[in-house]
Amino acid sequence: MTLLVVAASLLVGVSLGALGGGGSILTVPILVYLAGQDPAEAIATSLFVVGVTSLAALVPHARARRVRLRTGLLFGGFSMVGAYGGGRLAAYVPATALLVAFALMTLATAAAMLRKPRTGREKGNEDRPERPLRRLAAEGLAVGAVTGLVGSGGGFLVVPALALLGGLPMGVAVGTSLLVVGMNSFAGLAGHLSGVGIDWGLALTVTAAAVAGSVVGGRLSGRIPQETLRTVFGWFVVVMGVLVLARQLDPAVWTHPATWAVLGAVLASAVATRLRASWPRPDAAGRRRP
């Protein structure tokens, strides 16, 4: 079982190094279903693992000048406030509710990953002025609160937020998000430690494997197209979220027609979004460009 936990932890680092997010989405199920931890302890431990791994994965991005320090510190500072509050609130939420919330956040994150990023103006983003501080503050507080409460939703919410609100190119947003995720994770962990303990031996083992995986992920980030990585990992996250929900919800829920109607609508929406994103856009003369 320990070898399986270590092997799975490598994927946590690969995800963080390559995509700037996805660490907690993998870490929480690993700790709950493979290591046998209860949800509250797993969420707290995942915040430690992801915090350390994010900072380790940040180094190569910083060397490649893919980190915007000022934007990251501003966004991360506001996120830390929300993450600490979310971590304190988690002590009053039932374990099953935490896992259901985690699964729903996972599915929302997968939808964000599978949505084609807006890259049309990426080239000029380096010289674009910073977005209004109040927008960064509001988004940072919201993302931080989610991260602290359910231990998920940090990286893949931070990346589009930095790209759209911070005006950063996608590559720089991925690098900067690792700084924000690290800050969020430790703030959320501080909130959780007031009501839950951590098995530090297991936490350090998982962290060491994840850090090693982040080195591999950093190399993949430069060799495999980001869109390919996001798509493959996005569908993997969908499966992960559904499996967590399946284990937490009553079997009667899954046999109800309304459940399958909602799932079908979500799947159809995701497929339609992908088709629209890949469909050639018309040029100035109204013709479809290849």
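The structure reproduced in this document is the subject of the present report. Note that the structure is predicted; figures quoted are calculated from it, not measured.

1. Some remarks on the side chain of His 192
Mapped onto the elements of the fold, His 192 is located in helix α8 (residues 170-192). Looking at His 192, its side chain comes within polar contact range of the main-chain oxygen of Gly 148, at 2.6 Å. Contacts of His 192, omitting those with residues within four sequence positions, involve Ala 40, Ile 43, Ala 44, Leu 47, Gly 87, Ala 90, Gly 148 and Leu 149.

2. Brief notes about the packing of aromatic side chains
Scanning the model with the defined rule gives 1 aromatic pair in all. On the basis of an interplanar angle of 90° and a centroid distance of 5.1 Å, the ring pair of Phe 48 and Trp 200 is categorised as edge-to-face. In this pair, Phe 48 sits in helix α3 (residues 39-63) while Trp 200 sits in helix α9 (residues 200-223), placing the two residues 152 residues apart along the sequence. Assessed through its relative accessible area of 12%, Phe 48 is described here as buried.

3. Notes on a nonpolar patch on the surface
Residues Leu 193, Trp 200 and Leu 204 make up a contiguous nonpolar surface patch of roughly 290 Å² in combined accessible area. Tracing the backbone through its elements, the reader meets Leu 204 in helix α9.

4. Points about helix α6 (residues 133-150)
For α6, built from 18 residues, the straight-helix expectation of 26 Å at 1.5 Å per residue is met to within 8% by its first-to-last C-alpha distance of 26 Å. Taken together, the buried positions of α6 are Leu 136, Ala 137, Gly 140, Val 143, Gly 144, Thr 147, Gly 148 and Val 150.

5. Looking at the packing of α3 against α8
A packed helix pair is summarised by two numbers, namely the angle formed by the two axes and the spacing between the axes. Here α3 crosses α8 at 150°, and the two axes come no closer than 8 Å. Considered as vectors, α3 and α8 are oriented roughly antiparallel to each other. Pair α3 / α8 crosses with left-handed handedness. Here the residues of the contact of α3 with α8 sort into 16 nonpolar, 8 polar and no charged.

6. Considerations on the environment of Val 5
Tracing the chain through its elements places Val 5 in helix α1 (residues 2-19). For the pair Val 5 and Thr 27, spaced 22 residues apart in sequence, the C-alpha separation works out to 9.5 Å. Contact partners of Val 5, with chain neighbours within four places excluded, come to Ile 30, Leu 34, Ala 35, Leu 202 and Val 206.

7. Details of the nonpolar core
Within soluble globular proteins, side chains that are nonpolar tend to cluster in buried spots. Among the nonpolar cores identified, the biggest contains 40 residues, and Val 12, Val 28, Ile 30, Leu 189 and Val 206 are the most heavily contacted of them. Taken together, the elements giving at least two residues each to this core come down to α1, α2 (23-34), α3, α5 (95-114), α8, α9 and α10 (226-248). For Val 206, the contacting residues outside a window of four places in its chain are Val 5, Ser 9, Leu 31 and Val 49. Membership of the second largest hydrophobic core comes to 14 residues, among which are Val 143, Val 158, Val 159 and Leu 162.

8. A few points about α3
Here α3 contains 25 residues, and its C-alpha end-to-end distance of 36 Å stays within 8% of the 36 Å for a straight helix at 1.5 Å per residue. For α3, the capping residue at the N-terminal end is Asp 38, with a side-chain oxygen 3.1 Å from the backbone nitrogen of Ala 40. Note on α3: the residue one or two positions beyond its end, Arg 65, has a positive phi of about 60°.

Cut-offs applied
Residues numbered from 1 in each chain as written. Predicted model: local features only at pLDDT ≥ 70, side-chain atom pairs only at ≥ 80, totals over all residues. Heavy atoms only, no water. Helix = DSSP H or I, 4+ residues; strand = E, 2+ residues; numbered from the N terminus. Polar contact = N/O pair within 3.5 Å; in protein donor to acceptor, adjacent residues only side chain to side chain. Contact = heavy atoms within 4.5 Å. Phe/Tyr/Trp six-rings, centres within 6.5 Å; stacked < 30°, edge-to-face > 60°. Buried < 20%, exposed > 50% of the residue type's maximum accessible area, 1.4 Å probe, protein only. Patch = residues over 30% accessible without salt bridge, like charges linked within 9 Å, V, L, I, M, F, W, Y side chains within 5 Å. Areas by Shrake-Rupley, 256 points an atom, 1.4 Å probe, with all protein chains shown as cover. Salt bridge = Lys/Arg side-chain N within 4 Å of Asp/Glu carboxyl O. Expected span 1.5 Å × (residues − 1). Axes fitted to C-alpha atoms, helices over the stretch in contact; angles between N-to-C directions. Parallel < 35°, antiparallel > 145°, perpendicular 65-115°, else oblique. Left-handed = near helix turned anticlockwise from the far one by under 90°. Nonpolar A, V, L, I, M, F, W, Y, C, P; charged D, E, K, R; others polar. Core = buried A, V, L, I, M, F, W, Y, C linked by side-chain atoms within 4.5 Å.

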